[in-house]
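Take a look at the letters that make up each chain.
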Amino acid sequence: MYSNPCRHLIQLRTDGTGKSALTRLPPGRWWQVLGSTAGGAYQVFLTWGNQVAQFDNVATGFHSTAYVAFPDAFVSINGQPNSVFFIAVSE
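Quick summary incoming for the structure in this document. (Residues numbered from 1 in each chain as written. Predicted model: local features only at pLDDT ≥ 70, side-chain atom pairs only at ≥ 80, totals over all residues. Heavy atoms only, no water.)

1. Focus: the overall build of the chain
A count of helices and strands for the chain gives zero helices and seven strands. Overall, the chain shows an N-to-C arrangement of helices and strands of β-β-β-β-β-β-β. In summary, the chain has a C-alpha radius of gyration of 13 Å against a globular reference of 12 Å for 91 residues, a match within 12%. Overall, the chain is about 40 × 30 × 20 Å in size when its C-alpha atoms are taken along their principal axes. Pairs at least 24 apart in sequence give 76% of the contacts found in the chain among residues at least 6 apart. Carbon and sulfur atoms make up 56% of the accessible area of the chain, which totals about 5,600 Å². Once the 5 positive and 4 negative side-chain charges of the chain are each reduced to a mean point, those two points are 4 Å apart. (Helix = DSSP H or I, 4+ residues; strand = E, 2+ residues; numbered from the N terminus. Rg over C-alpha atoms; globule rule 2.2 N^0.38 Å. Contact = heavy atoms within 4.5 Å. Areas by Shrake-Rupley, 256 points an atom, 1.4 Å probe, with all protein chains shown as cover. Lys, Arg positive; Asp, Glu negative; His and termini not counted. Charge placed at Lys NZ, Arg CZ, Asp CG, Glu CD.)

2. Some points on the environment of asparagine 50
In this fold, asparagine 50 is placed in the loop between strand S3 (42-48) and strand S4 (51-58). Under the relative-accessibility criterion, asparagine 50 is labelled exposed at 81%. Along the sequence, asparagine 50 and isoleucine 77 sit 27 residues apart, while their C-alpha atoms lie 17 Å from each other. (Buried < 20%, exposed > 50% of the residue type's maximum accessible area, 1.4 Å probe, protein only.)

3. Quick look at unusual backbone geometry
A negative phi angle is the norm for most residues apart from glycine, just as the trans form is the norm for most peptide bonds. With a phi angle near 55°, asparagine 82 is a residue other than glycine that sits in the positive phi range. Along the chain, the position of asparagine 82 falls in the loop between strand S6 (74-78) and strand S7 (84-90).

4. Focus: the side chain of serine 83
Examined against the element boundaries, serine 83 turns out to sit in the loop between S6 and S7. Within the structure, serine 83 has its side chain in polar contact with the backbone oxygen of glutamine 80 (distance 2.7 Å). (Polar contact = N/O pair within 3.5 Å; in protein donor to acceptor, adjacent residues only side chain to side chain.)

5. A few points about the nonpolar core
Leu25, Trp31, Val33, Tyr42, Ile77 and Ile87 are the most contacted members of the largest nonpolar core, which has 15 residues in total. When contributions to this core are tallied by element, the ones reaching two or more residues are strand S1 (6-13), strand S2 (30-36), S3, S6 and S7. Looking at this core element by element, the count peaks at three residues for S7. (Core = buried A, V, L, I, M, F, W, Y, C linked by side-chain atoms within 4.5 Å.)

6. Brief notes about the packing of aromatic side chains
Under the criterion given, the structure shown has four aromatic pairs. Residues tyrosine 42 and phenylalanine 85 carry aromatic rings whose centres are separated by 5.1 Å and whose planes lie at 65° to one another, so their mutual orientation is edge-to-face. In this pair, tyrosine 42 sits in strand S3 while phenylalanine 85 sits in strand S7, placing the two residues 43 residues apart along the sequence. The buried category is assigned to phenylalanine 85, whose relative accessible area is 0%. Connected via pairs of aromatic rings, a cluster forms that spans Trp31, Phe55 and Tyr67. (Phe/Tyr/Trp six-rings, centres within 6.5 Å; stacked < 30°, edge-to-face > 60°.)

Written out as structure tokens, the structure reads:
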């Protein structure tokens, strides 16, 4: 029997400047940006407390690397303006 390891599918929307709001992802073991409605390059940022780090730059517009989930961190994306990014969160 097939077991789907994806627990949640989250949508992050970028505004007219191409930036999304900070989003806390639901609990999980790992997460990954699957892509967006607009395509094109995008950058993924992690915010933890006062610290902000860019930790992925996806030049192809396709999926990002899979990352370990941190329950007290926030994620944001800079990409094409007014697009929707899809993030999968595992069990």
